Amino acid sequence: MGIRAAGGGCPARLRRRLLFLLELCSWAAALRGNDNSEALPESLPSAPGTLPHFMQEPDDAYIIKSNPIALRCKAMPAMQIFFKCNGEWVHQNEHVSEESMDESTGLKVREVFINVTRQQVEDFHGPEDYWCQCVAWSHLGTSKSRKASVRIAYLRKNFEQDPQGKEVPIEGMIVLHCRPPEGVPAAEVEWLKNEEPIDSSQDENIDTRADHNLIIRQARLSDSGNYTCVAANIVAKRRSMSATVVVYVDGSWEVWSEWSVCSPECEHLRIRECTAPPPRNGGKFCEGFSQESENCTEGLCIQDIENASDIALYSGLGAAVIAVAVLVVGITLYRRSQSEYGVDVIDSSALTGGFQTFNFKTVRQGNSLLLNSSMQPDLTVSRTYSGPICLQDPMDKELMTESSLFNPLSDIKVKVQSSFMVSLGVTERAEYHGKAHSGTFPHGNNRGFTTIHARNKTTYIQNLSSLSTRSELRTTGIFGHLGGRLVMPNTGVSLLIPHGAIPEESSWEIYLTISQGESSLQPEGTEVLLGPEVTCGPPDVTVATPFALTIPHCAEVNSEHWNIHLKKRTQQGKWEEVMSMEEETTSCYCLLDPYACHILLDSFGTYALAGEPISDCAVKQLKVAVFGCMSCNSLDYNLRVYCMDNTPCAFQEVVSGERHQGGQLLEEPKLLHFKGNTFSLQISVLDIPPFLWRIKPFTACQEVPFSRVWCSNQQPLHCAFSLERYTPATTQLSCKICVRQVKGHEQILQIQTSILENERETITLFAREDSNFPTQTGPKAFKIPYSIRQRICATFDTPNAKGKDWQMLAQKNSINRNLSYFATQSSPSAVILDLWEARHQHDGDLDSLACALEEIGRTHSKISNITETQIEETDFSYSRQNGL
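Reading the values: the criteria
Residues numbered from 1 in each chain as written. Predicted model: local features only at pLDDT ≥ 70, side-chain atom pairs only at ≥ 80, totals over all residues. Heavy atoms only, no water. Helix = DSSP H or I, 4+ residues; strand = E, 2+ residues; numbered from the N terminus. Buried < 20%, exposed > 50% of the residue type's maximum accessible area, 1.4 Å probe, protein only. Contact = heavy atoms within 4.5 Å. Areas by Shrake-Rupley, 256 points an atom, 1.4 Å probe, with all protein chains shown as cover. Pairing = 2+ DSSP bridges. Axes fitted to C-alpha atoms, helices over the stretch in contact; angles between N-to-C directions. Disulfide = S-S within 2.5 Å. Polar contact = N/O pair within 3.5 Å; in protein donor to acceptor, adjacent residues only side chain to side chain. Phe/Tyr/Trp six-rings, centres within 6.5 Å; stacked < 30°, edge-to-face > 60°. Lys NZ or Arg CZ within 6 Å of the ring centre and 35° of its normal. Salt bridge = Lys/Arg side-chain N within 4 Å of Asp/Glu carboxyl O.

## Here we look at the overall build of the protein
Broken down by element type, the protein carries 14 helices and 51 strands. Of all 884 residues assigned to the protein, the portion counted as buried reaches 45%. Intrachain contacts of the protein at a sequence separation of at least 6 include 70% that bridge at least 24 residues. For the protein, the exposed surface amounts to about 45200 Å²; the carbon and sulfur share of it is 51%.

This is the structure we're talking about:
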């Protein structure tokens, strides 16, 4: 039985072998046929042996011009090898096959190659590149090789961006941009200086690795020259336009020489030369004078009076001065004796067209209005002001009330020669400590226009010194490794601390402050301050990744009209320029949006934006707001028109002052485009209802010089108008406020209000949600979920031959300049997303980000609809409810 079984097994093995050969023949016949679309089976019936092992697989190839390329494949053991291209079998006639025997193993080795032509690749239209792979058969089954792509090689002629010539100060940074022509394979770039190759490995000051750009960290005189970007691949080599770089040296003054001996004219001189160093390569010549003189008498050099007539002349002049002084004293005493009230306001607006001289005289004399009749001080305080009625609020008003602070009267009567009244009051400052303020003004508060009672006199006198100092808004928060966002409510100022910027297991108290009043930055030359002075701290810590500081500005952004700079205050209190908006630097990054500047920084400190107008078309955006309230006289109603920089913090300062004076916003503020064309600003009250209200002739229009508006230095401009009712029965006021720049933009504010506070319509001042959340920490502070952010960074930080990397991510988010800054970061995509978070803190428009990613071709779904298992449902719901 055992012999029969063994003998019967041999025919069975033969039958299986025959069946295998028959099936193989049928597949071979299919390959010889005309129908290449008939798919062969992926594997054969099992048979004794091993699976084929590829000794050579097809490599990616490029077709140059019209030359075909050969794809090769070698496998062992292999009975047959066939190529499949783009999912279809290649005809057998197109295969060239060679067969050999491996001497060490005795197994059959088969090598096959095919040719692919340019026409075949051009005729293929599919979602992928043209590809081929080989399939090898053995007795045991089949094996597949890797897919080899076949692409047509080319290199376009024109560079996407040629390097641009520039002039750079010595030790400044030079960044030459180069974006090579589109090509397959991607072109490699090298730089030439004066036709000689640049080897960055031999010079640590030069970096050519950052996205094909050439970076010279500190310019030297020897770096001047002609630079050319050369791009090459296997097809061709292209040269860019040459860029001429000039490194210049500005001249500096030697130290002054010693003073010369005193001349007969009682003067001595000293000189200095512009040679330390002298200007080179077009650098600026030294500023200031090269020669200086001064009087050197000091009792050693006395010129004689040549004749007695000079003595007589000087004696006469002295007598005239004494006579004039006596006359002035006499007139002053006479007017004091004729004064009927404690304060006189002398109005000369009819002659000066809105610019008036005020003489405030507070006379201390016994009368029935004294709170304490025993008080009989003999003190007279007098102060005279000459200038326009439009006052810079609130410091000018504080100065004007200084004399009244020492007056113990329970009430002060004001004699006004016209219906035009000056509103006097001491305003207070506001300070934030992470709390929200009401969006409307309180009613029934006329503190700014009532008198100062005796019991409050001491308090006001003690606070007088503090009124002259600058106050600030301030908010703080505690942040850790997860980062967060710190917002100054209703000011447009915010600070974004990215995830990982603070070391793990550390917590920092970070603060934001905004200086109010006049800024400590005094612009130089034609520069003007464009936004608030912002301080973030603490200054003695260092972050691991850049944080984003957002500062509002009032410039109408146009590089042809403005040259905008970021400035930082040093520890010594001086201001130095950090960078210009058009400058290329790797120390920080500034992105200028229409109403705010987003700054990526590595160090805390005090920062401000200053702008230098390049042409008369430079525009500052001003916000025009009208406030009103009843005056001390029940028949009078005060209108106050403010023209301030169009920044939320400037408006917040005005609102804070008006809140303390009982003012009410009468109309939604409007935007005025104020040009730097040296023309003045006119403010006028129009269409006052006759027989109901009146205003003094010639005072309905006030004009403010250009310099007062243009160089306001964050001080809101304040113009006051006083209207008088004919009868107390009039409770409605309708008029127009016209604010216009001569030969410029004009805005009309329609006033329609009730002067009775209980009937007055309330206008909401601030509607921003950030007032409710000044401090946000952890994941809830960010719009992009952390897991999605990580996936985006992992995708775009990796270089891609088709350019679909972080540079494309930056371009789709309107970040088109100074890309060298991102190239120096460990994760460029993360910093780009931080900048996106800073720009979209209010809208959180994830759909726009998803659309940008879809355009790049890396994702086909909206981020806002992605459900991540790593994100807790509660966090996601919170984000959606809060507009995140």
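## Remarks on the sheet that holds strand β30 (residues 484–488)
The strand order across the open sheet built from 6 strands is β38-β39-β35-β31-β30-β51, with neighbouring strands paired in antiparallel fashion. Taken across any chain shown, the strands that pair with only one partner, and hence form the sheet edges, are β38 (589–592) and β51 (775–777). In this sheet, adjacent strand axes meet at a mean angle of 10° when their direction is disregarded. Taken together, the 4 bridges between β38 and strand β39 (residues 596–601) define a ladder with antiparallel strand orientation.

## Details of the state of the cysteines
Applying the stated rule across the entire model yields 5 disulfides. Shown here is the disulfide that connects C73 with C134, its sulfur atoms set 1.8 Å apart. One disulfide, between C73 and C134, carries an S-S torsion of 60° and so falls in the right-handed class. Here the residue C73 occupies a position in strand β3 (residues 69–76), and C134 occupies one in strand β8 (residues 130–137), the gap between them amounting to 61 residues. Take C73 and C134: they sit in the same class, and that class is buried. A disulfide bridge connects C262 with C296, and the sulfur atoms are separated by 1.8 Å. An S-S torsion of about 75° defines the bridge between C262 and C296 as right-handed. You can see C262 sitting in the loop between β21 (243–248) and β22 (267–271) and its partner C296 sitting in the loop between β23 (291–295) and α3 (308–338), a full 34 residues away along the chain. A residue is classified by how much of its surface remains accessible, and C296, at 9% relative accessible area, is buried. Free of any disulfide, C649 has its nearest neighbouring cysteine sulfur in C554, separated by 9.5 Å.

## Quick look at the sheet that holds strand β45 (residues 681–686)
As a general point, the strands of a sheet are linked pairwise by backbone hydrogen bonds and lie either parallel or antiparallel. Here 4 strands make up an open sheet; going across it, the order is β47-β45-β49-β50 and the pairing antiparallel. With one partner strand each, in any of the chains shown, β47 (701–704) and β50 (746–754) form the two edges of the open sheet. The average angle at which neighbouring strand axes cross in this sheet is 15°, direction not considered. Both β45 and β47 contribute to a ladder of 4 bridges, which runs antiparallel. Bridging across to β47, Q682 finds its partner in E703.

## Quick look at the side chain of S680
With respect to the helices, strands and loops of the structure, S680 is situated in the loop between β44 (670–675) and β45. Of note is the side chain of S680, whose polar atom sits 2.4 Å from the side chain of E703. When sequence neighbours within four positions are dropped, the list of residues in contact with S680 reads E703, V704, P705, F706, R740, Q741 and V742.

## Considerations on the packing of aromatic side chains
Remark: the centre distance and the inter-plane angle together describe each pair of aromatic rings, the angle taken between the planes. Per the counting criterion, the structure on display carries 14 aromatic pairs. Measuring from centroid to centroid gives 6.3 Å for F674 and W710, while their planes differ by 35°, and the two rings are tilted. On the criterion of sequence distance, the pair formed by F674 in strand β44 and W710 in helix α8 (residues 706–710) is long-range, its members being 36 residues apart. For the pair shown, F674 and W710 are each scored as buried. Seen from the ring of W710, K620 lies directly overhead, with NZ or CZ sitting 5.9 Å from the centre. Just above the ring of F651 sits the side chain of K623; from NZ or CZ to the centre is 4.8 Å.

## Section: the pairing of strand β49 (residues 732–741)
Note: β45 against β49, 6 bridges, orientation antiparallel. Each residue of the ladder has a partner; that of Q682, found in β49, is R740. Judged from the 9 bridges that link them, β49 and β50 form a sheet pairing that is antiparallel. In the strand pairing of β50, K736 is matched with Q750. Connecting β49 to the antiparallel partner β50 that follows it, the hairpin turn spans 4 residues, and K743 within it adopts a positive phi of roughly 60°.

## Focus on the environment of D223
Tracing the sequence through the fold places D223 in the loop between β18 (214–216) and β19 (225–232). Its relative accessible area of 3% is what places D223 among the buried residues. For the pair D223 and V247, spaced 24 residues apart in sequence, the C-alpha to C-alpha distance is 6.9 Å.

## A short note on the pattern of salt bridges
By the definition in use, this model includes 23 salt bridges. A salt bridge links R270 to E292; its shortest N-O distance comes to 2.7 Å. Highlighted residues: R270 in strand β22 and E292 in strand β23, separated in sequence by 22 residues. Taking relative accessible area as the criterion, E292 reaches 30% and is therefore assigned partly exposed. Across the pair R569 and E533 runs a salt bridge, and its minimum N-O distance is 3.0 Å. Separated by 36 residues along the polypeptide, R569 in strand β36 (residues 562–569) and E533 in strand β34 (residues 533–537) bring together distant segments of the chain. Accessibility expressed as a relative area gives 28% for R569, which makes it partly exposed. Through salt bridges with shared partners, one network takes in E99, K108 and R110.

## Overview of helix α9 (residues 786–796)
When α9 is considered as a whole, its buried residues turn out to be S787, I788, R789, I792, C793 and F796. Close packing links the buried residues of α9 with α10 (806–812), α12 (828–839) and α13 (846–856).

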